[in-house]
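Architecture at a glance
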Amino acid sequence: MHEIVSDKNWENLGQYPVQTEYDIVKVRQIVRSYAKETGMGIVEQTRITTAVSELFRNMYNYAGGGEVLIEKGQIEDHTALIITCIDQGPGIPDIERAMTDGFTTGMGMGYGLPGAKRLVDRFEIYSVVNKGTTVRVMKWR
Amino acid sequence: MNIDFQERRIPIIKIRDYLIVSIQVDMHDKMAVQLQSQILHEIERTGAKGVLIDISVLEMVDSFIGRMLSGMASMASIMDAAVVIVGMQPAVAITLVELGLEMPGVNTALNMERGIELLEKMINDSL
């Protein structure tokens, strides 16, 4: 696990707060429109939208909200959509466990992180207890 | 972007013994929970034997909406009403499986017509 930093060559498409349930819906719709614009097919659009919906809800439920950064960049010859979710919540003490199917500490059923990971092409997580969590997903197909 | 989510309500239509619910908007969590209780209330009020939920315009079903739908099916079944979800888009079905979400007790049909047929069959079988 290493700290998550942005590449200077990536294009910033916007930064949005996720503080309410309405923000979850609004920002996932924004992500979908960028996925469409990037040329993704309907299945890929659905995958990335569903993945970020899980991540946004995690931020909302466990960290009281956070910020979402949407970027576009070249990843290994692919034009990728890069979504970074940053929160200042309690952090995840045991990431390996949190990435296990069926694990949950709250209202969820434990599909959040491992489920989201399966739906994207790249998944990175960085978390410090009592400081916060950053999750970055990339999708290019 | 300024969308007023709070004001929208999803209509529930009763035809014969069935309730027809067509979800036409991207639901936020409270709206999904509200719809769940609204449907149960309508089952009680009308004595409907079956509920058809059309999700053909839903562009995504995440774990929250998925759980709401399967919870809905179990609750309705306790109230002696059958639930059939119709019109799930292929991309949504693919994503749900990859997400790892199982929806126990949820019956699905390709479209409204087959959904009604399935409901009729379920209700006749339980008689």
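Our subject is the structure listed above.
The sections below set out a description of the structure shown in this document. All residue numbers refer to positions counted from 1 along the written sequence of the respective chain. Note on labels: chains are lettered from A, ligands numbered from 1, in written order. Since the coordinates come from a predicted model, pLDDT governs what is reported: local features require at least 70, and pairs of side-chain atoms require 80 or more to be given and counted, while whole-chain, interface and lining totals use all residues. With hydrogens and water set aside, each side-chain value is computed from the structure's full complement of heavy atoms.

**Thoughts on the overall build of chain B**
For clarity, the threshold we go by: Helical segments are the DSSP runs of H or I of at least four residues, strand segments are the runs of E of at least two, and each set is numbered from the N terminus. Our radius of gyration looks at C-alpha atoms and nothing else; its globule reference is 2.2 Å times the residue count to the power 0.38. Remark: exposure states derive from per-residue accessible area (1.4 Å probe, protein chains only) relative to the maximum for the residue type, with buried under 20%, exposed over 50%, and partly exposed in between. A contact between two residues is defined here by any heavy atoms of the two lying within 4.5 Å. A 1.4 Å probe and the Shrake-Rupley method give the accessible areas. Residues count as covered only by the protein chains that appear here.
Along the backbone of chain B there are 4 helices and 5 strands. Along the chain direction, N to C, the helices and strands of chain B fall in the order β-β-α-β-α-β-α-β-α. Over its C-alpha trace chain B gives a radius of gyration of 14 Å, about what one expects of a compact globule, namely 14 Å for 127 residues. Along the three orthogonal principal directions, the C-alpha set of chain B runs to about 50 × 35 × 25 Å. A burial count over chain B gives 50% of its 127 residues as buried. Within chain B, residue pairs in contact and separated by at least 24 positions form 72% of the contacts whose partners lie at least 6 positions apart. Carbon and sulfur atoms form 53% of the exposed surface of chain B, whose accessible area is close to 6500 Å².

**Focus on the pairing of strand E4 (residues 122–128) of chain A**
All names here are of chain A. For clarity, the cut-off: The rule for pairing is simple: two strands pair if DSSP sees at least two bridges between them.
When E4 meets strand E5 (residues 132–139), the two strands line up antiparallel, connected through 7 bridges. Across the sheet, the residue bridging to Arg122 is Met138, located in E5. Between E4 and the antiparallel strand that follows it, E5, lie 3 residues; Asn130 among them carries a positive phi value of about 70°.

**Describing the sheet that holds strand E5 (residues 107–109) of chain B**
All names here are of chain B. The cut-off we apply is this: Axes here refer to lines fitted to C-alpha atoms; in helices the fit is confined to the stretch in contact. Angles between the N-to-C directions go from 0 to 180 degrees.
A sheet is described by the order of its strands in space; here 5 strands give the open sequence E1-E2-E3-E4-E5, paired in mixed fashion. The open sheet has two free edges, formed respectively by strand E1 (12–15) and E5, since each of these has just one partner strand. Neighbour-to-neighbour, the strand axes of the sheet open up by a mean angle of 25°, direction not taken into account. Of the pairings in the sheet, the one linking strand E4 (residues 82–86) to E5 comprises 3 bridges and is parallel in character. Opposite Val84, over in E5, you have Asn107 as the bridge partner. Helix H2 (residues 63–78) contacts strand E3 (50–54) and E4 of the sheet and is inclined by roughly 155° relative to E4. Docked against the sheet, helix H4 (residues 112–125) engages strand E2 (18–22), E3, E4 and E5, running at close to 160° with respect to E4.

**Describing the pattern of salt bridges**
It is possible for side chains of opposite charge to pair when their charged atoms get near one another. The cut-off we apply is this: Here a salt bridge means any side-chain nitrogen of Lys or Arg lying within 4 Å of a carboxyl oxygen belonging to Asp or Glu.
Overall, the coordinates contain 14 salt bridges over all chains when judged by the stated rule. Ionic pairing is found between Asp26(B) and Arg28(A), a salt bridge with its closest N-O pair at 2.5 Å. Of this pair, Asp26(B) sits in the loop between E2 and helix H1 (29–46) while Arg28(A) sits in helix H1 (residues 21–37), each in a different chain. Of the charged contacts in the structure, one is a salt bridge between Arg47(A) and Glu98(B), with a shortest N-O distance of 2.6 Å. In this pair, Arg47(A) sits in helix H2 (residues 42–63) while Glu98(B) sits in helix H3 (residues 90–99), so the two residues belong to two different chains.

**A look at unusual backbone geometry**
Here Glu76(A), not a glycine, exhibits a phi torsion of approximately 45°, which is positive. Among the residues examined, Glu76(A) registers a relative accessible area of 54% and is labelled exposed. Of note in this structure, Arg16(B) is not a glycine but carries a positive phi near 50°. Along the polypeptide, Arg16(B) turns up in the loop between E1 and E2.

**A few points about the interface of chain A and chain B**
The accessible area lost on association of the parts is a frequent measure of interface size. What counts, and what does not: By convention, the term buried area covers the 1.4 Å-probe accessible surface removed from two parts as they join, with the contributions of both added. Think of a polar contact as two N or O atoms within 3.5 Å of one another; within protein, one of them needs to be a possible hydrogen donor and the other a possible acceptor, and neighboring residues in sequence only count if both atoms come from side chains. We call Asp, Glu, Lys and Arg charged. Ala, Val, Leu, Ile, Met, Phe, Trp, Tyr, Cys and Pro are nonpolar, and the rest, Gly among them, are polar.
Chain A puts 25 residues into the contact, and the matching count from chain B is 26 residues. In total, chain A and chain B occlude about 2400 Å² of area from one another, counting both sides; carbon and sulfur atoms represent 56% of this. At the junction of chain A with chain B, the criterion picks out 7 salt bridges. Our count for the contact surface shared by chain A and chain B stands at 12 residue pairs in polar contact (both at pLDDT 80 or more). Contributions of two or more residues to the side of chain A that touches chain B are made by H1, H2 and helix H4 (112–119) of chain A. No other element matches H2(A), which puts 9 residues into the side of chain A that touches chain B. Taken together, the residues of the side of chain A that touches chain B break down into 10 nonpolar, 7 polar and 8 charged.

**Re H4(A)**
Of all 8 residues that make up H4(A), 6 are buried, and the element is covered over most of its length. Along H4(A), the residues classified as buried are Gly112(A), Leu113(A), Pro114(A), Gly115(A), Ala116(A) and Leu119(A). Looking at the packing, one finds that the buried side of H4(A) touches H2, helix H3 (95–98), E4 and E5 of chain A together with H3 of chain B.

**A few points about H2(B)**
Condition: Expected helix span is computed as 1.5 Å times (number of residues minus one).
Taking 1.5 Å as the rise per residue, H2(B) with 16 residues should run 22 Å; its terminal C-alpha atoms sit 23 Å apart, in good agreement. Listed as buried for H2(B) are Ser63(B), Phe64(B), Ile65(B), Gly66(B), Met68(B), Leu69(B), Ser70(B), Gly71(B), Met72(B), Ala73(B) and Ala76(B). Elements in contact with the buried residues of H2(B): H1 and H2 of chain A together with H1, E3, E4 and H3 of chain B. Positive backbone phi, approximately 65°, marks Asp80(B), located one or two places after H2(B).

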